[in-house]
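Architecture at a glance
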Amino acid sequence: MPERKGNYTIQLSNRPMILSSAAVVGKKEGEGPLGKVFDRVFEDTTLNEKTWEKAESDMQKEAVTCALNKAALSPSQVQHIFAGDLLNQCTASTFGLRELNIPLYGQFGACSTMAQTLSMAAIFVDSGAADICCAVTSSHFCTAERQFRFPLEYGGQRPPTSQWTATAAGAAVVGMGGSGVRIAEVLGGRQVDLGVTDANNMGAAMAPEDVKLTPYPETKVWSFFTQLYN
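Residues numbered from 1 in each chain as written. Predicted model: local features only at pLDDT ≥ 70, side-chain atom pairs only at ≥ 80, totals over all residues. Heavy atoms only, no water.

1. Re the overall build of the protein
Going by this rule: The way it works is that DSSP assigns letters per residue, a run of H or I at least four long becomes a helix, a run of E at least two long becomes a strand, and they are numbered from the N terminus. Note on classification: 1.4 Å probe, protein chains only; a residue is buried when its accessible area is under 20% of the maximum for its type, exposed when over 50%, partly exposed between these limits. Whether two residues are in contact is decided by their heavy atoms: any pair within 4.5 Å suffices. Methods summary: accessible areas were calculated by the Shrake-Rupley approach with a probe of 1.4 Å, and residue burial reflects only the protein chains presented.
Helix and strand counts for the protein stand at 8 helices and 11 strands. Out of the 230 residues belonging to the protein, those deemed buried represent 44%. Once local pairs closer than 6 in sequence are excluded, the contacts in the protein between residues at least 24 apart make up 72%. If you sum the accessible surface of the protein, you get close to 12,000 Å²; carbon and sulfur atoms cover 53% of it.

Take a look at the structure:
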């Protein structure tokens, strides 16, 4: 059962496991140094959809489907799915995952959303509220530009401080048994305001979110990523 330790840490006595994971990305991300480790690279960032928002929904569904296939599970075996994105009302998650017919909890944590969804999935499994949960998060450069700055159709000049939001979706299946990375603790961090007022410098504005929530003790973070990508 989850047990609170101090003000920020929750220990998970059953140590739920990441049974499988998947990541799908856009063309630019596929050309980067991690290109070979992604499960799928989309050459067309619209994914043959009429809007980028629909494309992001498709990426979420693709990531979840791929992760479930790796674990040899069907959507009907998943009790809860924790999903988030950067759009109002978690639009990409809601429309992308509705066909799977899994009870959904929308999450928004900006850059910490993946850690947040993993945290919730792990707590549910550890407590016995669920046997299998899924955690998924996505972002899309073009939808984020429309949401936070200016639609690309405006053709506005982006200043040098502008950040490039990833076009990608990642998913993880959390349950008990098997072999893989175990989640021993969930850490909720403090809210930090760095005083960044430049809306174009999203990387600096959201930097505290990167460390606000992490389902792994700091010493185990690198070990987790090494096992995922080696």
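2. Side note on the pattern of salt bridges
The following threshold applies: In what follows, salt bridge is the name for a side-chain nitrogen of Lys or Arg lying within 4 Å of a carboxyl oxygen of Asp or Glu.
With the rule as written, the count across this model stands at 6 salt bridges. Note that D39 and K70 form a salt bridge whose closest N and O atoms lie 2.6 Å from each other. Taken together, the positions of D39 in the loop between helix 1 (27-30) and strand 4 (40-42) and K70 in helix 2 (residues 52-70) put the pair 31 residues apart, joining distant regions of the chain. Classification of K70 by relative accessible area gives partly exposed; the value is 47%. In this structure, the salt-bridge partner of R40 is E62, at a minimum N-O distance of 3.4 Å. Residue R40 is located in strand 4, and its partner E62 is located in helix 2; the two are separated by 22 residues in the primary sequence. Taking the relative accessible area as the measure of exposure, E62 reaches 27% and is therefore partly exposed.

3. Some points on the packing of helix 2 against helix 5 (residues 141-148)
The following threshold applies: Only the stretch in contact is used when fitting a helix axis, every axis being a line fitted to C-alpha atoms; angles between N-to-C directions are given from 0 to 180 degrees. We call two directions roughly parallel when the angle between them is under 35 degrees, roughly antiparallel when it is over 145, roughly perpendicular when it lies between 65 and 115, and oblique otherwise. Note on convention: near helix rotated counterclockwise from far helix by under a right angle means a left-handed crossing. Clockwise means right-handed. For this scheme, ten residues count as nonpolar: Ala, Val, Leu, Ile, Met, Phe, Trp, Tyr, Cys and Pro. Four count as charged, namely Asp, Glu, Lys and Arg, and the remainder, Gly too, count as polar.
Where helix 2 meets helix 5, the closest approach of the two axes is 8 Å, and the angle between their N-to-C directions is 130°. In terms of orientation, helix 2 lies oblique with respect to helix 5. The interaxial crossing formed by helix 2 with helix 5 has left-handed handedness. Along its contact with helix 2, which presents W52, E53 and E56, the element helix 5 presents C142, T143 and R146. Of the residues belonging to the contact of helix 2 with helix 5, the class tally is 2 nonpolar, 1 polar and 3 charged.

4. Some details on unusual backbone geometry
Unusually for a residue other than glycine, R15 sits at a positive phi of about 50°. Here R15 lies in the loop between strand 2 (9-12) and strand 3 (17-26). Of note, the phi angle at Q89 is positive, near 60°, even though the residue is not glycine. By the secondary structure assignment, Q89 is in the loop between strand 5 (80-84) and helix 3 (91-97).

5. So, the environment of T161
With respect to the helices and strands, T161 occurs in the loop between helix 5 and strand 8 (168-175). In this structure the C-alpha to C-alpha distance between T161 and N201, which are 40 residues apart in sequence, comes to 5.2 Å. In this view, T161 contacts D198, N200 and N201; residues no more than four positions away in its chain are not counted.

6. Some points on helix 2
Note on helix geometry: an α-helix contains 3.6 residues per turn, so any two residues three or four positions apart are oriented the same way. Rules: Helix span, expected: 1.5 Å multiplied by one less than the number of residues in the helix.
The end-to-end C-alpha distance of helix 2 is 27 Å, a good match for the 27 Å that 19 residues give at a rise of 1.5 Å each. Every buried residue of helix 2 is listed here: A55, E56, S57, M59, Q60, A63, V64, C66, A67 and L68.

7. Comments concerning the nonpolar core
For clarity, the cut-off: Think of a nonpolar core as a cluster: buried Ala, Val, Leu, Ile, Met, Phe, Trp, Tyr and Cys residues, connected wherever their side-chain atoms sit within 4.5 Å.
V64, I81, L97, V136 and V173 are the most contacted members of the largest nonpolar core, which has 24 residues in total. Breaking this core down by element, the ones donating at least two residues are strand 3, helix 2, strand 5, strand 7 (133-139) and strand 8. Of all the elements, helix 2 adds the most residues to this core, at 7 residues. Apart from residues no more than four positions distant in its own chain, I81 is found in contact with V64, L97, I102, P103, L104, Y105, C134 and V136. Formed by 15 residues, the second largest nonpolar core is a distinct cluster that contains L118, A130, A172 and V174.

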